[in-house]
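The lines below spell out each chain.
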Amino acid sequence: LEQNQFTVCYQPQVQLSDMKLVGFEALVRWNHPEMGYISPSRFIDVAENSKLIIPLGKWVLKQACNDISEWIHCGIFDGTIAVNTSGVELEYNDFVDDVFEILTDSKLNSRHLEIEVTESSLMHNPTRWLEILRKLADLGISLAIDDFGTGYSSLSYLRQMPVNTLKIDQSFIEELPNDADSCIVAETIVGLAKNMRMKSLAEGIETVEQCLFLRKVGCHVGQGYFFGKPLNKEDAKQFILQWDQFRKKLLDEF
Ligand code: C2E
Ligand code: CA
Ligand code: CA
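Visitor: What is the right way to read unusual backbone geometry from this model?
Guide: For residues that are not glycine, phi is negative in most cases, and the peptide bond is trans in most cases. Cis geometry is adopted by the peptide bond preceding P177, which originates at L176 and carries an omega value of -5°. The residue P177 is located in the loop between α7 (170-173) and α8 (180-195) in this model. The phi angle at N4 is positive, at roughly 60°, despite the residue not being glycine. Note that N4 resides in the segment before β1 (6-15). Overall, N4 belongs to the exposed group, its relative accessible area being 61%. Unlike most non-glycine residues, K51 shows phi in positive territory, near 65°. With respect to the secondary-structure elements, K51 resides in the loop between α1 (40-49) and α2 (53-73). When its relative accessible area of 43% is taken as the criterion, K51 is described as partly exposed.

Here is the structure:
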């Protein structure tokens, strides 16, 4: 962090009904001067165990809010930025205050921010989360449950939590639309979200067939290499500027 080795990438999120670009997920990247690119799946665990995830998470949130705010204020984007958070970040008491301060400093309206929490982290400590999530919701921030379907959710907790989005885990999207079990699971999570007045988002969409299946069953938002890989700030800005062309092409094909 001190040596500026981290960057934030942005992966597009697309509303499946009309292919509108509605958001980005912020994903941290570590470019080590000797070891090269190190995947977050390797260092996030280490950062959590050493609690270094607290300053790192705060740094990512700040970058993401600043970048999105820039795009919003120059009039090219009006969607949300989803930022991953780890359970460790909630164990210290200033989390909600820090989020509020970052929103204020970056002049970003809270409706543009979505906090992502994994289902397993949420269900590991649901009472603590419930308290924090209610405070975040009071500020107008949305909440998405990441990797949904992999973490034994208690449906009674889920009902009490101010959740806006269920992110269907990539493992259920991979085998669509040929594997019957994956189809059932994906469609069921979409239905659960709908009945609980939440949005559903499918992660890891790589093919047109997956996209069409999810669109057919009423999944709200899609994210994955089919639409775009995580992009650095400059490329993400270009992506926004060029999206309408892609969008027209996609809608014509469908
Ligand atoms: P995640 O939150 O589930 O993020 C989705 C991962 O899937 C990302 O990996 C993304 O690059 C990858 N992905 C997206 N679309 C596709 C696709 O179509 N096909 C395939 N095969 N993969 C796709 P990434 O960036 O390596 O991040 C891995 C994990 O690290 C994330 O999983 C998240 O749990 C964690 N992470 C990343 N950035 C942060 C952060 O700032 N804070 C925290 N706490 N965790 C983070
Ligand atoms: Ca995520
Ligand atoms: Ca995920």
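Visitor: Any chance you could explain the coordination of the calcium ion (ligand 3) here in plain terms?
Guide: As a benchmark, a tetrahedral metal site with four donors has ideal angles of 109.5 degrees, while an octahedral site with six donors has ideal angles of 90 or 180 degrees. The protein atoms donating to the calcium ion (ligand 3) are D146 (OD), D147 (OD), E203 (OE) and E203 (OE), with metal-donor distances spanning 2.2 to 2.8 Å. Sequence spacing of the donors to the calcium ion (ligand 3): D-D-x55-E. A distance of 4.2 Å spans the gap from the calcium ion (ligand 3) to the calcium ion (ligand 2), which D146 bridges by coordinating each metal. With a gap of 57 residues between them, D146 in strand β6 (residues 142-148) and E203 in the loop between β8 (199-202) and α9 (208-216) connect regions that are remote in the sequence. For the pair shown, D146 and E203 are each scored as buried.

Visitor: Which parts of the structure should I look at to understand the coordination of the calcium ion (ligand 2)?
Guide: Taken together, E25 (OE), N84 (OD1), E116 (OE) and D146 (OD) make up the protein donors of the calcium ion (ligand 2), found 2.1 to 2.3 Å from the metal. In terms of primary sequence, the donors binding the calcium ion (ligand 2) are separated according to E-x58-N-x31-E-x29-D.

Visitor: What's the story with helix α10 (residues 233-253) in this structure? I'm lost.
Guide: In an α-helix, one full turn covers 3.6 residues, which means residues spaced three or four apart are oriented alike. With 21 residues, α10 extends 29 Å from end C-alpha to end C-alpha; this agrees with the ideal 30 Å at 1.5 Å per step. Of all the bends in α10, the greatest, near 50°, is centred on Q242. Residues of α10 that are buried include every one of A236, F239, I240, W243 and L250, and no others. If you follow the buried residues of α10, they end up packed against β1, β2 (20-32) and α2.

The rules we used
- Residues numbered from 1 in each chain as written.
- Chains lettered and ligands numbered in written order.
- Predicted model: local features only at pLDDT ≥ 70, side-chain atom pairs only at ≥ 80, totals over all residues.
- Heavy atoms only, no water.
- Helix = DSSP H or I, 4+ residues; strand = E, 2+ residues; numbered from the N terminus.
- Buried < 20%, exposed > 50% of the residue type's maximum accessible area, 1.4 Å probe, protein only.
- Donors = N, O, S within 2.8 Å, 3.2 Å for Na, K, Ca; no water.
- Expected span 1.5 Å × (residues − 1).
- Bend = angle between axes of the 7 residues up to and from the residue.
- Contact = heavy atoms within 4.5 Å.

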